[in-house]
Amino acid sequence: MQNEFLSLKNQRYKFHIIAELQKIENLNLCLPKENETHFYISNGGFSSIGFVKFIADRTKIRKLQVSSLRIGKKHLQVLDVLKGQEKLNKCEFVVGSVMKNDSKLGKSYGYYDDLLKICEKNNWSVTVANNHSKILNFDTDDGKFVIWTSSNLNENPNIEQFVFLKSEDVYEMCEKHFFEKIKKEGVHYDTEKKSTDKKTS
């Protein structure tokens, strides 16, 4: 099977995880095979969380590493439900400093406070950095998958692109050269230790 380019027609967007999942499944029902890459373009019809649900419905996610500018409340709820369903075990988040600063500045989002609460509940970890990347690393019972995307893990996606592949080499490259380095350089909050490493700038 060769690389694929898939698209959706323009449509108004309102977040609904099942609707997002169905839109992805209408394009393709299968996970990528080893060293296979799937390309998707969405005109607002689905976002990164739809792919998390897509994968979790097909194989257990042992560890999910997420890099996003912000994490939305409803998207956190989806991850929390997947944890309760034993479809998802561990999560490690890398978020932008703008997400933490929203709470400091008294903005109404409350995204960062909600993120810490869910992470404390599930023993997940958070690292804050000067981050604008969007990467999802999946260690699953069916192998290791990576998604590179323009889509943050929050609401209101616009036209978004997704590169979805199965590759242990790419997964380990992202883990070693991105996630592990960011943990050392950013502000890391490990809810299992109930402590914050490094000082925020």
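Just so you know, these numbers come straight off a predicted model, no measurement behind them.

Reading the values: the criteria
Residues numbered from 1 in each chain as written. Predicted model: local features only at pLDDT ≥ 70, side-chain atom pairs only at ≥ 80, totals over all residues. Heavy atoms only, no water. Salt bridge = Lys/Arg side-chain N within 4 Å of Asp/Glu carboxyl O. Helix = DSSP H or I, 4+ residues; strand = E, 2+ residues; numbered from the N terminus. Phe/Tyr/Trp six-rings, centres within 6.5 Å; stacked < 30°, edge-to-face > 60°. Buried < 20%, exposed > 50% of the residue type's maximum accessible area, 1.4 Å probe, protein only. Pairing = 2+ DSSP bridges. Contact = heavy atoms within 4.5 Å. Axes fitted to C-alpha atoms, helices over the stretch in contact; angles between N-to-C directions. Parallel < 35°, antiparallel > 145°, perpendicular 65-115°, else oblique. Nonpolar A, V, L, I, M, F, W, Y, C, P; charged D, E, K, R; others polar.

Student: Give a description of the pattern of salt bridges that names residues and reports values.
Tutor: According to the stated counting rule, one finds eleven salt bridges in the structure shown. In this structure, the salt-bridge partner of arginine 62 is aspartate 139, at a minimum N-O distance of 3.8 Å. Taken together, the residues arginine 62 in strand E3 (residues 61-68) and aspartate 139 in strand E6 (residues 135-140) connect sequence positions 77 residues apart. Between glutamate 172 and lysine 144 there is a salt bridge, with the nearest N and O atoms lying 3.7 Å from each other. Pair noted here: glutamate 172 is in helix H6 (residues 168-185) and lysine 144 is in strand E7 (residues 143-149), with a separation of 28 residues, a long-range link.

Student: Break down the packing of aromatic side chains for me, citing the residues and quoting the values.
Tutor: Under the criterion given, the structure shown has nine aromatic pairs. Residues phenylalanine 145 and phenylalanine 164 carry aromatic rings whose centres are separated by 6.0 Å and whose planes lie at 50° to one another, so their mutual orientation is tilted. With phenylalanine 145 in strand E7 and phenylalanine 164 in strand E8 (residues 159-166), this pair connects stretches of sequence that are 19 residues apart. Considered together, phenylalanine 145 and phenylalanine 164 belong to a single accessibility category, that of buried residues.

Student: Any details on the pairing of E8? Residues and values, ideally.
Tutor: Of all eight residues in E8, six are buried, a share of seventy percent or more. The sheet contact formed by strand E2 (residues 37-43) and E8 spans seven bridges and is antiparallel. Bridging from a neighbouring strand, tyrosine 40 pairs with phenylalanine 162 of E8.

Student: Could you give me a rundown of the environment of lysine 166, with the residues and numbers involved?
Tutor: Among the structural elements, lysine 166 can be located in strand E8. Expressed as a C-alpha distance, the spacing of lysine 166 and phenylalanine 138, which sit 28 residues apart in the sequence, is 9.2 Å. For lysine 166, the contacting residues outside a window of four places in its chain are Pro32, Lys33, Glu34, Asn35, Glu36, Asp142, Gly143, Lys144 and Phe145.

Student: How would you explain unusual backbone geometry if you had to name every residue and give the values?
Tutor: In most cases, non-glycine residues show a negative phi, while peptide bonds are predominantly trans. Of note in the backbone geometry, asparagine 35 takes a positive phi value of approximately 60° without being a glycine. With a phi close to 60°, glutamate 86 is a non-glycine residue in the positive phi region. Of note, glutamate 86 is situated in the loop between helix H3 (73-84) and strand E4 (88-96). Look at glutamate 86 and you get exposed, because its relative accessible area is 62%.

Student: Which residues make up the packing of helix H2 (residues 48-56) against H3, and what values do they have?
Tutor: In the contact formed by H2 and H3, the axes pass within 10 Å of each other and the chain directions differ by 10°. One finds that H2 runs roughly parallel with respect to H3. Residue-level contacts link Ile49, Val52, Lys53 and Ala56 of H2 to His75, Val78, Leu79 and Leu82 of H3. Split by residue class, the contact of H2 with H3 holds six nonpolar, one polar and one charged.

So, to be careful, I would describe these as geometric facts and stop short of saying anything about function.
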